[in-house]
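# Structural characterization, general
What follows is each chain in one-letter form.
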Amino acid sequence: MRALIVDPDAPGSLRLGTAAEPQAAPHQLVVDVRHISLNRGEVAFAERLPAGAVHGYDAAGVVVRAATDGTGPAVGARVTAFGAGAWAQRMAVDTTAVAEVPAQVDLADAAALPMAGITALRTLRSRSILGRRVLITGAAGGVGRYAIQLAALGGAQVIASVGSSSRADGLAELGAHQVVVGLEGIDRPVDLILDNVGGQQLAAAWELLAPGGGVQNIGWASDEPAVFAPYSLVSVGPPKTMTTFGDVHEVGPDLATLLDFVAAGRLSPEVDWRGSWDRVTEAAQALLDRRIAGKVVLDVERAAAD
């Protein structure tokens, strides 16, 4: 089958090639993949993977082989899926990591949800946000745009931070109550920070955190170290916390929640770039150059013999 594989000699270390058919365990189903979604971190770290590996985690398509243990959707079901080896014509994935796509939701939109949507949803669930001030850094990206919408749905006062004024377009319409460049203009403490930037902005954002507040470390787009001033991590009162995020275990129910929001018109998939997976180099470079406002979705094209 055709797949996007790691090639250290290719631009962005990714190219269309061939891979073996997936071998499904009893608790896994096989999806005929119609659309995939690229995330900036996946593209940036492709060169660290073994040559020939099938990359990616986000996909949507149709079940062509049900799980032999009897769990999960049946053959013919439209699903979105989260699992390793997603950027291929077919993928094997745990039945706990898929969700059926409502009829009114386009499969391409469904493909945009898994990694970024789950990250936004689960980090926002780390504490109560109703009536709280939530700061989202790197807010113009895929995670950021989902987080703005979900935080607003949860009753938060949403502050969206971007790297430049040109990246601010559309964020207020998604639900941001305040849009800032960097941390400029934030004059009151915040209760929760979803940080996609890292570096010195993270150290500065920590100073804005209210007692009892927390930081969820999601990404590190700055590619710079964060240096905290002496004693800046010590505070009187309820403890402030900083937590790494990587919980992608059994995401099926949360995928279903996101799909329900999309179906109800309460969550925009924010697909900013869509094209054939033959254009993977172009799409990957646009992500790396931060020319994408939201998500990239690639259509999995079929050769005549497929």
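Details of the structure are given in the entry above.
In this text, all values refer to a predicted model and were calculated from it rather than measured experimentally.

As a volume, the largest pocket reaches approximately 1400 Å³. Along the wall of the largest pocket there are 49 residues; nearest its centre are Arg40, Gly41, Asn196, Gly219 and Trp220. Elements represented by at least two residues in the lining of the largest pocket include exactly helix H1 (40-44), helix H3 (114-124), helix H4 (142-153), strand S9 (157-162) and helix H8 (280-288). Considering every element that reaches the lining of the largest pocket, the biggest residue donor is H1, with four residues. Here the lining of the largest pocket is composed, by residue class, of 23 nonpolar, 19 polar and seven charged.

Once that is clear, we can look at H3. The buried count for H3 comes to ten of eleven residues, which makes it a mostly enclosed element. Within H3, the full set of buried residues consists of Pro114, Ala116, Gly117, Ile118, Thr119, Ala120, Leu121, Arg122, Thr123 and Leu124.

Pairing is parallel in the open sheet, where six strands are placed in the order S10-S9-S8-S11-S12-S13. Where the open sheet ends on each side, the last strands, each with one partner, are strand S10 (178-181) and strand S13 (241-244). Neighbouring strand axes in the sheet, compared pairwise and without regard to direction, differ in orientation by 20° on average. Relative to S10, S9 runs parallel, the two sharing four bridges.

Each value, and the rule that gives it
Residues numbered from 1 in each chain as written. Predicted model: local features only at pLDDT ≥ 70, side-chain atom pairs only at ≥ 80, totals over all residues. Heavy atoms only, no water. 1 Å grid on protein atoms, 1.4 Å probe; cavity = no way out; pocket = protein on both sides within 12 Å on 5 of 7 lines; lining within 4 Å. Points joined across faces, edges and corners; volume = space filled by probe spheres on them. Helix = DSSP H or I, 4+ residues; strand = E, 2+ residues; numbered from the N terminus. Nonpolar A, V, L, I, M, F, W, Y, C, P; charged D, E, K, R; others polar. Buried < 20%, exposed > 50% of the residue type's maximum accessible area, 1.4 Å probe, protein only. Pairing = 2+ DSSP bridges. Axes fitted to C-alpha atoms, helices over the stretch in contact; angles between N-to-C directions.

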